[in-house]
Amino acid sequence: MEFSFNLLQYFEKVVSQAAEKLESVDDSFEPQMRMADERFGDFQANGALPFAKRNGLNPRELAQSLVEKIESNDSWETSIAGPGFINFKLKPEFFLSWLKELGNLDKTKKHLLSESPRQIVLDFSGPNTAKQMHVGHIRSTIIGESLARLLALQGHSVIRDNHLGDWGTQFGILLYAIKRAEVSLDELGEEPVAVLEDLYRQGNSWVKESPQSLEEARQELVKLQSGDEQNCSLWQKIRDLSLGSFEQVYKLLGVRFDYAHGESFYRDQVEQVYSVLQKQGICTEDQGALVVFHPEHKRFAKQPFIIRKSDGASNYATTDLATIAYRKKEWNAEHIIYVTDGRQRDHFDQLFMTVKKWFIQENIDCPTLSHVWFGTILGEDNKAIKTRDGQPVKLMDLLKEAIDRAKKMVEEKNPELEEEEIQRRAKIIGLGAVRYADLSQDRTLDYVFSWDKMLALQGNTAPYLQYAVARIHSIFRKVGKTPSELPEVIISPESDNEKKLARKISFFPLAIEQTTKELKPHTLCVYLYELATEFSSFYNQEKVMVDDQNVQNLRLFLCAKTQIVLKLGLSVLGIDTLEEM
Ligand code: ARG
């Protein structure tokens, strides 16, 4: 049987093949493979019980006949437990050959390639122009980037699209304020977007003060939307300035995009959306607006999905509808993933339901649509995080503070280092800590932002994982060897710690698979943390530099494999590592 690098899949195949040989079992049998409790085995097939129940068979007998049909193999032992579970206990030799097969970094990556690569659009970050990116955008940016890397690692073709909020009613007020204050957009100074934000605030209070100002702001918007040359060029300038300031954050974080189409890109495609949905009878007029109801849904039967406002203007929903059609047509998207906060869940549910109806009628294959949503970042007072004066925390300030704090740690530990090296390490540790603090939480939960926790060297933190990687580097420095020049390993893991570590490394493909299935990076974090912990007990209890060369080679080999997996896993999370810490 063909070996599969993902052990869960491998044993699934083993059981399925045995099942095919049994007459009493038909296609409806599923192995239901799980990781087993270490005390009893490594993997467990739970499928005999439900199948036997459905078909009036004795589950233990069924499990027994399955075991008899499993090809005999000296790499593992099978046993039957409970009402008919089949346990597989892998022998140390099996883990050794698996680890050899893992190979170096390049080979490890090859093992992770998907058999069915897809064309995936990842829609993440999506800040709004004329506003500074604040901490609310951090999660979308960080989670999105990590998902992009995760999917690309498996050979999917990932299109990264930054769907900027660059088209909306706020531009009327902003243009009005720019003109009334007689500001030149070429002279906004060092932080142009902060000035634009102030101007918007000023404009907002002007329009609240007088109906005449409000009307003038409206006119500015109408002019922009009908292509007035001066307003369009101001708008373009605002967009460029904003994108320039976002780029600084992206550059610092190592985040990149293939496109930043934004809402404005679709402004000429909205008419098409209205007419198709009207023709198909999917939308109706309701108090002057064009809306979609979904009678089959408890709430959306009454809660409208507004696709054209009563004043005739398009909105967020309209551009999102046009965007899906574009991504399908131009990019042949097979899967579209949106990363935004949880408050937009209704929007995306309604959007997806609407698009599915639309595409069915046109006989278009609808891409898989996923909303990857997340909770809020809380301050230590358990409320949405704010600065002392109650303003939203700016992302750039937060990242700079992370680096500053990490710098103090580095300086304390290694005061003799050159300034440049201190700065380099501080950046890797500080940014890694912020990223990991975010990614290591189940994204659907709110989490409390705490500098002390995220920078701690102990616990489930980036510095802890980075430290494990650095420690392995230092082991190899001491031996004077590199992982690639290790002699052939000829003995299998024997001690408890060696066996546990080998076993944990071999679960890496499973962790990648699970993370991808749920699009939840914390699953990968949990795995990496457990691996680092396992490594740490191994290292604290077993000397690597023992006299017996065979034992030494095996232990160095385990160190090298641990490092490959830790580094690769961290790179998926967008976290760099250091050779010394
Ligand atoms: N601009 C939006 C926001 O700030 C995010 C855009 C998400 N993408 C989308 N296609 N709707 O919340």
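What you see as residue numbers is a count from 1 along each chain, following the sequence as written. For a predicted model such as this one, the threshold for reporting local features is a pLDDT of at least 70, and the threshold for listing and counting side-chain atom pairs is 80 or more; totals across whole chains, interfaces and linings nevertheless cover every residue. Heavy atoms throughout the structure, all of them, feed into the side-chain values; hydrogens and water do not.

A. Structural context of empty space enclosed by the protein. Cavities and pockets are found on a 1 Å grid laid over the protein atoms alone: a cavity is a set of points where a 1.4 Å probe fits but cannot escape, a pocket is an open set with protein on both sides within 12 Å along at least five of seven lines, and a lining residue has an atom within 4 Å of such a point. Grid points are joined across faces, edges and corners, and a volume is the space filled by probe spheres set on the points. Inspection of the entire model under this criterion finds one cavity of 30 Å³ or more. Looking at the largest cavity, its volume works out to about 50 Å³. Lining of the largest cavity is provided by Asn128, Thr129, Ala130, Lys131, Gln170, Leu174 and Tyr200. Taken together, the residues of the lining of the largest cavity break down into three nonpolar, three polar and one charged. Here the term charged refers only to Asp, Glu, Lys and Arg, the term nonpolar to Ala, Val, Leu, Ile, Met, Phe, Trp, Tyr, Cys and Pro, and the term polar to all other amino acids, Gly among them.

B. View of the sheet that holds strand β1 (residues 33-35). Here, a strand pair is defined by DSSP locating no fewer than two bridges between the strands. Put simply, DSSP marks the helices as runs of H or I at least four residues long and the strands as runs of E at least two long, and each gets a number from the N terminus on. Strand order across the open sheet formed by four strands is β1-β2-β4-β3, with antiparallel pairing between neighbours. Here the strands that pair on one side only, and so sit at the sheet edges, are β1 and β3 (76-81). Mean inter-strand twist for the sheet, computed between neighbouring axes without regard to direction, equals 25°. In terms of strand pairing, strand β2 (residues 43-45) meets strand β4 (residues 85-90) through three bridges, oriented antiparallel. Directly across from Phe43, in β4, lies its bridge partner Phe88. Only heavy atoms enter the contact rule, under which two residues are in contact if any of them lie within 4.5 Å. Fitted lines through C-alpha atoms serve as axes, helices being fitted only where they are in contact, and the angles separating the N-to-C directions of these axes extend from 0 to 180 degrees. Contacting β3 and β4, helix α3 (residues 59-69) crosses the sheet at an angle of about 170° to β3.

C. Seen up close, the environment of Ser537. Checked against the element boundaries, Ser537 lands in helix α20 (residues 521-541). Residue burial is assigned from relative accessible area. The probe radius is 1.4 Å, only protein chains are included, and a residue is buried under 20% of its type maximum, exposed over 50%, and partly exposed in between. Exposure remark for Ser537: the relative accessible area of 24% places this residue in the partly exposed category. Taking the C-alpha atoms as reference points, Ser537 and Lys500, separated by 37 residues in sequence, lie 9.8 Å from one another.

D. Examining the pattern of salt bridges more closely. Salt-bridge detection follows one rule: a side-chain nitrogen of Lys or Arg within 4 Å of a carboxyl oxygen of Asp or Glu. A full pass over the atoms with the stated rule returns 28 salt bridges. Among the ionic pairs, Glu421 bridges to Arg424, the shortest N-O distance being 3.0 Å. Here the residue Glu421 and the residue Arg424 both occupy positions in helix α15 (residues 419-439), the gap between them amounting to three residues, near one helical turn. Arg555 is paired through a salt bridge with Glu542; the nearest N and O atoms lie 3.2 Å apart. Here Arg555, found in helix α21 (residues 549-572), pairs with Glu542, found in the loop between α20 and α21; they are 13 residues apart in sequence, far enough to count as distant. Grouping residues by exposure puts Arg555 and Glu542 together as buried.

E. Looking closely at the site of the ligand. The immediate surroundings of the ligand are formed by Asp123, Gly126, Asn128, His137, His163, Tyr316, Asp320, Tyr338, Thr340, Gln344 and Phe348. We call two N or O atoms a polar contact when they sit within 3.5 Å, provided that within protein one can donate a hydrogen and the other can accept it, with sequence-adjacent residues counted only if both atoms are side-chain atoms. Between Asp123 and the ligand, the recorded distance is 2.8 Å, taken from a side-chain N or O atom to a nitrogen atom. A distance of 2.8 Å separates an oxygen atom of the ligand from a polar atom in the side chain of Gln344. Reported accessibility uses the Shrake-Rupley method at a 1.4 Å probe radius. Residues are deemed covered only where the shown protein chains occlude them. About the coverage of the ligand: the protein hides 88% of its 350 Å² of free accessible area. Should more than half of a molecule's atoms lie within 2 Å of a pocket's or cavity's grid points, that molecule is taken to sit in it. Judged by the fraction of its atoms near the pocket grid, the ligand is located in the largest pocket. At the level of secondary structure, the elements contributing two or more residues to the shell around the ligand comprise α12 (316-331) and β10 (335-341). A breakdown of the residues in the shell around the ligand according to their chemical character gives three nonpolar, six polar and two charged. One heavy atom within 4 Å of a molecule or strand makes the whole residue count as near it.

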